[in-house]
Amino acid sequence: MSGSPQQGTTLTLRGLRHAFGGQVVLNDVDLTVPAGTITALLGPSGCGKSTLLKAVAGLLRLQSGTIQFDDQFMCNGTVFEPPESRGLGMVFQDYALWPHMTVEGNVGFPLRMRRVTRTERERRVADALRMVGLASHGQRRPAQLSGGQQQRVALARAIVAQPRVLLFDEPLSNLDRNLRETLCREIGDLLGKLGITAIYVTHDHDEARALAHQIAHMDQGRITRITTA
Ligand SMILES: Nc1ncnc2c1ncn2[C@@H]1O[C@H](COP(=O)(O)OP(=O)(O)OP(=O)(O)O)[C@@H](O)[C@H]1O
Ligand SMILES: [Mg+2]
């Protein structure tokens with residue numbers, strides 16, 4: 001991608017705690033994701049993985065704990081930065097593309113929100129699409145793409161605004177095994193090239209090992225151990 005992305009943000013989570021009703025879903029979570037590295041978050045259904053991502057994204061206001069991007073607090077007892085000012089990209093399991101927009105429209109959307117000029121937008125959208133191998137698909141609509149291609153569009157949209165941090169929530173679990181392996185490799189290469197700090201939620205141990213620098217194992221709202229991949 002042209003222009004230098006904001007590389008090297010260290011993510012520091014301390015004492016994250018959240019309960020829904022009486023159920024404690026995040027229980028004193030501490031995690032550091034070193035600058036430019038990928039941490040996989042692995043654990044059984046319902047253990048709190050997506051809730052943790054939502055807290056980092058600012059889609060959930062935690063009951064307590066602090067989140068820092070480098071030395072800047074995203075939330076603590078007094079500060080709460082809204083999602084749009086955190087400098088994040090997100091990729092979900094269900095792609096979440098807008099069906100009525102072309103591929104270019106989808107990828108360019110975060111730049112339109114930031115009022116990036118049209119010329120600059122076109123250049124950056126083309127760059128992002130080239131990086132995910134979809135340079136010639138800009139005029140298609142999501143329904144005219146395969147599942148793997150749709151997820152590549154979602155990836156291009158996540159990186160186009162040069163985020164500090166990328167969050168992935170089981171992005172490949174709707175795809176078949178071969179495609180999962182290919183895309184997993186591509187995501188790893190891309191993140192390595194861009195040097196963006198990332199948290200990658202998955203159920204799949206192989207995916208976690210292939211991609212991540214460290215694996216945080218989560219169970220019932222706690223991080224039970226951290227292993228280096
Ligand atoms: N908005 C909410 N209101 C009430 N309970 C919630 C809410 N969001 C999540 N929960 C509960 O919190 C727990 C953790 O949910 P979360 O979505 O974080 O799990 P997960 O680890 O991502 O699971 P999966 O692997 O199935 O996606 C679950 O018991 C869930 O039912
Ligand atoms: Mg989840």
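Residues numbered from 1 in each chain as written. Chains lettered and ligands numbered in written order. Predicted model: local features only at pLDDT ≥ 70, side-chain atom pairs only at ≥ 80, totals over all residues. Heavy atoms only, no water.

(A) Highlighting the pattern of salt bridges. By the definition in use, this model includes 13 salt bridges. In this structure, aspartate 70 and arginine 164 form a salt bridge, with 3.6 Å as the shortest nitrogen-oxygen distance. Taken as a pair, aspartate 70 in the loop between strand E4 (64–69) and strand E5 (72–75) and arginine 164 in the loop between helix H4 (147–159) and strand E7 (165–169) lie far apart in primary sequence, 94 residues in all. For aspartate 70, a relative accessible area of 32% translates into the label partly exposed. The shortest N-O distance in the salt bridge between glutamate 120 and arginine 123 comes to 2.9 Å. Pair noted here: glutamate 120 and arginine 123 are both in helix H3 (residues 118–131), with a separation of three residues, about one helical turn. We classify glutamate 120 as partly exposed; its relative accessible area is 25%. (Salt bridge = Lys/Arg side-chain N within 4 Å of Asp/Glu carboxyl O. Helix = DSSP H or I, 4+ residues; strand = E, 2+ residues; numbered from the N terminus. Buried < 20%, exposed > 50% of the residue type's maximum accessible area, 1.4 Å probe, protein only.)

(B) Highlighting H3. Between its first and last C-alpha atoms H3 spans 20 Å; for 14 residues at 1.5 Å apiece the expected length is 20 Å, and the two agree. Listing the buried residues of H3 in full gives Arg124, Val125, Asp127, Ala128 and Leu129. Positioned one or two residues after H3, glycine 133 has a phi angle of 75°, which is positive. (Expected span 1.5 Å × (residues − 1).)

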